[in-house]
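Notes for the structure review
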Amino acid sequence: MQYRGSGNAFSNLVSNGSYSFSNPAFVALASYSSMSLLKMLGMSTYTMIQRFRTGNFITPEDNMYKQLINRLVHSSGTTKTKNELVERARNNHLNDLENIIPFVLVGLFYIGTQPKFDNALWHFRIFFLSRILHTIAYQIPLPQPARTISWLFGYSSIISMTIPILRSIQI
Amino acid sequence: MQYRGSGNAFSNLVSNGSYSFSNPAFVALASYSSMSLLKMLGMSTYTMIQRFRTGNFITPEDNMYKQLINRLVHSSGTTKTKNELVERARNNHLNDLENIIPFVLVGLFYIGTQPKFDNALWHFRIFFLSRILHTIAYQIPLPQPARTISWLFGYSSIISMTIPILRSIQI
Amino acid sequence: MQYRGSGNAFSNLVSNGSYSFSNPAFVALASYSSMSLLKMLGMSTYTMIQRFRTGNFITPEDNMYKQLINRLVHSSGTTKTKNELVERARNNHLNDLENIIPFVLVGLFYIGTQPKFDNALWHFRIFFLSRILHTIAYQIPLPQPARTISWLFGYSSIISMTIPILRSIQI
């Protein structure tokens, strides 16, 4: 065993690629990305709950669900018009798509630039926290500009991660 | 050639990172992701076909297409109101965005946890099949709860893939 | 140092995985993906500008912004109905989500198939250029079929990248 001192060091060399669970920054990205994506996936269930609560569905075949609700709670008068609670959930979900997906994708390339671990971790933490606060501000709802400011922190975190990528640019 | 017995074994060691086409689980993810993304991209074309069939477009400059249709089929009476077939295609496309994109992203991190090949393959198979059935249920349309159940299988597959990632969590 | 001639060659061997900034094709993907994602993120700001210009917001708590505008510009008569400029920005943003996200994801798997650098670069260039032209055609707006044609080039670039992936398919 003579390569770079020891077989152990060699193994580290091989496994220490950026994209590996032996790279703590990649594990952090995987953790915060998964939590953000789970939060986003949760919006599907949340929207569905709001649809059942308000009896607001989108397609004729969903009438089967309305009849089910009516039989269970003996209510009536479900409307065809757009419901504010459902639209609020849907717009929140769309905003997640517009922000969380770019976060994960930019994050993947950002890891390739081998950022300092602490820098990376704080980008991920700020982003995740901002999305949780954004959702709370949207759904309670809190008075503006709470929603705009919470969105802005996450947005800025993504933009900030693109800087080291664009420094290595090759067009 | 003395490292780990042979040069061949060494080459395997180097190339057997999780994110490489020499890792069968990664090839499987690439295959099922590409097929799912192609299915999603197909929704753009499908929506466009529904727009041309119903003469329902979104912007004033699209009137040029309406005139083209009218000249070709001598029809008339295209309306400005939302068309149910077009909205059905658009909502299906949005549902794909909300599910297929998280599948690919969670799948990428899932591969990093080095899951058993068979486990990974079945997650991908169930997801892809569920999206095909969901689209059929949405567009024919089949009576509910066919659409909800087909969606639920794919959704569950994504959630299940986050478990090994969150076990390696680092916040 | 006897492995493959020199330590240098060895280092290259280890670092020349597909997913590393020492692979020029991956750097190119990272560059064009980041630029495309930044362009997409820009649509959030653009939509917000259009909302402030037209006083068209989506939730009741946004009334705080309307009052702010009214105090600043002494205007009035902001409406609740959908505004064409805002909807145009939102539809453009959604179209970006439907195309730019699949581009990045398919691109990641495409890199794994080790395409020729020039082939990869031209796929990325055509895609990025097509999205810029699509946005210009959508927002000025240019007469159709300018928007459709610019969209079609980017769409075709994504489809073309799936071909080498599906050749390595494993179902």
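Read on for a plain summary of the structure. Every chain's residues receive numbers from 1 upward, in the order its sequence appears when written. Chains and ligands are labelled by the order in which they are written, letters from A for the one and numbers from 1 for the other. This being a predicted model, a pLDDT of at least 70 is required before a residue's local features are given, and a value of 80 or more before pairs of side-chain atoms are given or counted; all residues contribute to the totals for chains, interfaces and linings. Side-chain measures were taken over the full set of non-hydrogen atoms in the model, leaving aside hydrogen atoms and water.

1. Describing the overall build of chain A
Here is the rule we go by: Put simply, DSSP marks the helices as runs of H or I at least four residues long and the strands as runs of E at least two long, and each gets a number from the N terminus on. Accessible area is worked out with a 1.4 Å probe on protein chains only. A residue is then buried under 20% of its type maximum, exposed over 50%, and partly exposed in between. In this analysis, two residues are considered to be in contact whenever any of their non-hydrogen atoms come within 4.5 Å of each other. Surface accessibility follows the Shrake-Rupley procedure with a 1.4 Å probe radius. Residue values consider only the protein chains on display as shielding.
Within chain A one finds six helices and zero strands. By the burial criterion, 51% of the 171 residues in chain A qualify as buried. By sequence separation, contacts in chain A at least 24 residues apart represent 72% of the contacts at least 6 residues apart. Counting only carbon and sulfur atoms, one obtains 62% of the accessible surface of chain A, whose full area is about 7800 Å².

2. A look at the relation of the copies chain C and chain B
Basically, it comes down to this: Alignment of the copies relies on least squares applied to C-alpha atoms, considering only residues that score at least 70 for pLDDT in both.
Overlay of chain C on chain B (RMSD 0.0 Å): rotation 120 degrees, translation along the axis 0.0 Å. Such a combination of rotation and displacement between the chain copies is what one expects of a three-fold axis.

3. Some points on the pattern of salt bridges
All names here are of chain A. Let me state the cut-off plainly: Any Lys or Arg side-chain nitrogen found within 4 Å of a carboxyl oxygen on Asp or Glu counts as a salt bridge.
Within this structure, the stated rule accounts for 21 salt bridges over all chains. Across the pair Glu 87 and Arg 90 runs a salt bridge whose closest N-O atoms are separated by 4.0 Å. Of this pair, Glu 87 and Arg 90 are both found in helix α4 (residues 84–112), three residues apart, which corresponds to roughly one turn of the helix. Look at Arg 90 and you get partly exposed, because its relative accessible area is 26%.

4. Here's the deal with the relation of the copies chain C and chain A
Superposition of the two copies of the chain requires a rotation about an axis together with a shift along that axis. Between the two copies, chain C and chain A, the superposition gives an RMSD of 0.0 Å; the rotation angle is 120 degrees and the shift along the axis is 0.0 Å. Of the interface residues in chain C, just 20% have counterparts in chain A that sit at the interface too, so the contact is made through distinct surfaces.

5. Quick look at the packing of helix α4 (residues 84–112) of chain B against helix α5 (residues 117–139) of chain B
All names here are of chain B. Put simply, the test is: Between N-to-C directions, angles span 0 to 180 degrees; the directions come from axes that are lines fitted to C-alpha atoms, helices contributing only their stretch in contact. Put simply, angles under 35 degrees are roughly parallel, angles over 145 are roughly antiparallel, angles from 65 to 115 are roughly perpendicular, and the rest are oblique. When residues are sorted by character, Ala, Val, Leu, Ile, Met, Phe, Trp, Tyr, Cys and Pro go into the nonpolar class, Asp, Glu, Lys and Arg into the charged class, and all the rest, Gly among them, into the polar class.
Packing of α4 against α5 brings their axes to within 11 Å, and their N-to-C directions diverge by 175 degrees. If you check the angle between α4 and α5, you find them roughly antiparallel. For the pair α4 and α5, contact is made by Arg 88, Ala 89, Asn 91, Asn 92, Asn 95, Asp 96, Asn 99, Ile 100, Phe 103, Tyr 110 and Ile 111 and by Asn 119, Ala 120, His 123, Phe 124, Phe 127, Arg 131, His 134, Thr 135, Tyr 138 and Gln 139, respectively. For the contact of α4 with α5, the class distribution of residues is nine nonpolar, nine polar and three charged.

6. A closer look at unusual backbone geometry
Residues Ile140(A) and Pro141(A) are joined by a peptide bond in cis, for which omega reads -15 degrees. Residue placement: Pro141(A) occurs in the loop between α5 (117–139) and α6 (146–167). Looking along the chain, the bond that leaves Gln144(B) and enters Pro145(B) is cis, with omega of 10 degrees. Take Pro145(B): it is sitting in the loop between α5 and α6 (146–167).

7. A look at the interface of chain C and chain B
We count it as follows: When two components associate, each loses some accessible surface as probed by a 1.4 Å sphere; the sum of these losses over both components is called the buried area. What qualifies as a polar contact is a pair of N or O atoms within 3.5 Å, subject to a donor-acceptor requirement within protein and to the restriction that residues adjacent in sequence count only when both atoms come from side chains.
Contacts between the two partners involve 40 residues from chain C and, on the opposite side, 45 residues from chain B. Both faces combined, the contact of chain C with chain B buries some 3400 Å², and carbon together with sulfur accounts for 70% of it. Here Arg147(C) and Asp62(B) are joined by a salt bridge, their closest N and O atoms 3.3 Å apart. The interface formed by chain C and chain B contains eight residue pairs in polar contact (both at pLDDT 80 or more). Those elements that provide at least two residues to the side of chain C that touches chain B are α1 (7–15), α4 (84–112), α5 (117–139) and α6 (146–167) of chain C. Ranked by the residues each element gives to the side of chain C that touches chain B, the list is headed by α4(C), at 13 residues. Looking at side-chain class alone, the side of chain C that touches chain B contains 26 nonpolar, eight polar and six charged residues.

8. Focus on the packing of α4(A) against α6(A)
Residue and element names in this part refer to chain A. We count it as follows: It is the rotation of the near helix from the far one that decides the hand of a crossing: anticlockwise by less than a right angle makes it left-handed, clockwise makes it right-handed.
α6 packs onto α4 with a crossing angle of 25 degrees between their chain directions and a minimal axis gap of 9 Å. Relative to α6, the element α4 lies roughly parallel. Two packed elements cross with a definite hand, and for α4 against α6 that hand is left-handed. Along its contact with α4, which presents Asn 95, Asn 99, Pro 102, Phe 103, Val 106, Gly 107, Phe 109 and Tyr 110, the element α6 presents Trp 151, Tyr 155, Ile 158, Met 161, Thr 162, Pro 164 and Ile 165.

9. Observations concerning a nonpolar patch on the surface
Going by this rule: The patches described consist of residues with a relative accessible area above 30% and no salt bridge, like charges being joined within 9 Å and nonpolar side chains (Val, Leu, Ile, Met, Phe, Trp, Tyr) within 5 Å.
Among the surface-exposed residues, Leu129(B), Ile132(B), Leu133(B), Ile136(B), Ile140(B) and Leu142(B) lie close enough to one another that they form a single nonpolar patch of about 510 Å² accessible area. By the element assignment, Leu129(B) lies in helix α5.

10. Here we look at the packing of aromatic side chains
To keep things clear, this is the line we draw: For Phe, Tyr and Trp, where Trp contributes only its six-membered ring, two rings pair if their centres lie within 6.5 Å, and the inter-plane angle classes them as stacked under 30 degrees, edge-to-face over 60, or tilted in between.
Counted according to the given criterion, the structure contains 39 aromatic pairs over all chains. Aromatic side chains Tyr19(A) and Phe26(A) sit 5.9 Å apart centroid to centroid with 85 degrees between the ring planes, which places their arrangement in the edge-to-face category. Under the relative-accessibility criterion, Tyr19(A) is labelled buried at 13%. Using a relative accessible area of 1% as the deciding quantity, one classes Phe26(A) as buried. On the numbers, 5.8 Å between centres and 50 degrees between planes, the contact of Phe26(B) with Phe109(C) is tilted.

Interpretation in functional terms is not warranted from these geometric data alone.
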